[in-house]
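What the coordinates show
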Amino acid sequence: MSQPQYDVVAIGNAIVDILAQADDAFIESIGVAKGSMQLMFSPEDADALYAKMGPGREVSGGSAANTVAGIAALGGRTAFIGQVADDQLGEVFAHDIRAAGVDFATAARPGQPTTARCLIFVTPDGQRTMNTYLGASQFLPAGALDLSVIEDAAILYLEGYLWDPEEPRAAMRAAIEAARKAGRKVAFTLSDVFCIGRHGGDFRSLIADGLIDILFANESELTALAETEDFEAAVAKLSAQVPTLVVTRGASGACAIQNGSRAEVTAEPIAQVVDTTGAGDLFAAGFLHGQAQGRGLEESLKLGAICAAEIISHFGARPNVDMQALVASKL
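A few points on the structure.

Reading the values: rules and limits
- Residues numbered from 1 in each chain as written.
- Predicted model: local features only at pLDDT ≥ 70, side-chain atom pairs only at ≥ 80, totals over all residues.
- Heavy atoms only, no water.
- Helix = DSSP H or I, 4+ residues; strand = E, 2+ residues; numbered from the N terminus.
- Expected span 1.5 Å × (residues − 1).
- Buried < 20%, exposed > 50% of the residue type's maximum accessible area, 1.4 Å probe, protein only.
- Arc of directions from axis to C-beta.
- Contact = heavy atoms within 4.5 Å.
- Pairing = 2+ DSSP bridges.
- Phe/Tyr/Trp six-rings, centres within 6.5 Å; stacked < 30°, edge-to-face > 60°.

What about helix α6 (residues 166-181)?
For α6, which comprises 16 residues, the first-to-last C-alpha distance of 23 Å matches the rise-based estimate of 22 Å (1.5 Å per residue) to within 8%. Along α6, the residues that are buried comprise Pro 168, Ala 171, Met 172, Ala 175, Ile 176, Ala 178 and Ala 179. Angularly, the buried residues of α6 cover 165° about the axis, an arc narrow enough to put them on a single face. Opposite its buried face, α6 presents the exposed residues Glu 166 and Lys 181, each directed more than 90 degrees away.

In structure tokens:
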């Protein structure tokens, strides 16, 4: 097996995040649950909500895209595969992710629908409420995959959010096949409990078939996938089925079980939680970067905790500091 060109290549929703501050009354007025993520099914709905937003800032986003941008900030070699439209937001996404040091070569899709956008409202307690119009990101075809890039990455990282539409689901199955044939590892993030509600059967089949090497989940996703409310029972069940299970527990830190060996870390202390957008994405970035570098389980978890703490200490899901220097000062 050749030395890979990339540490991680990710496939996920190519979304432009538009972030704005809001108070609890505003969240209540638009009829959504604070801290949740809901989908919008038409560009008109997205436009109407956008018109109600206060001053915002645009940055390329999407869960897996945030993760590879984080790995690039740590000094890793990354690529991203995701579908944008041939429009202004598509140009914003492409410019932003390339400027972050991530290779991105997926051709823009002509015509409708528009590039995906996520309208994110951040309340004073740091909670983010996301309203997502998936647009063009749902139409990533298997033909858009550069299989040579997937075969040339140590780890293929897949986002559960993208499992919903048919075309990207077929693309991700093709990517898994290419990665495994090349002897590479496949990492998968469950993304959200609602993804498990819709596709838990598929996710369980991927795991049972031995197609997932590294599985990321938070506590609620873990117990939903394991179909038990008992956390330790869920850990025992899933850690027996995947070589590496990584579970984030918010302020309680994280744990990972790798081939029967368990490690845990506490959350990194920060002065104030400003915005939780991207916390899980950047935790995955730190962990995957550690694994790609050949670091041990506990050190990889520590890297994840450092990255997550940096992200929640400021507005937005991309690092605000020199991440390599930050890690060097803490490890």
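A look at the environment of Leu 331
The topology assignment puts Leu 331 in the segment after α12 (323-330). Its relative accessible area of 42% is what places Leu 331 among the partly exposed residues. When the C-alpha atoms of Leu 331 and His 289 are compared, they prove to be 14 Å apart, with 42 residues separating the residues in sequence. The residues contacting Leu 331, other than those within four sequence positions of it, are Arg 295, Glu 299, Lys 302, Leu 303 and Ile 306.

Things to note about the pairing of strand β14 (residues 261-265)
Bridge count between strand β13 (residues 254-258) and β14: 5 bridges; the pairing is antiparallel. The residue bridging Ala 254 from the neighbouring strand is Val 265, located in β14. Here β13 hands over to β14 after 2 residues, with Asn 259 in that stretch at a positive phi of 50°.

Concerning the packing of aromatic side chains
Within the structure shown, the criterion is met by 10 aromatic pairs. Aromatic side chains Tyr 157 and Phe 216 sit 5.9 Å apart centroid to centroid with 90° between the ring planes, which places their arrangement in the edge-to-face category. Remark: Phe 216 occurs in strand β11 (residues 214-218) and Tyr 157 occurs in strand β9 (residues 153-159); sequence separation between them is 59 residues. Each member of the pair, Tyr 157 together with Phe 216, is buried.

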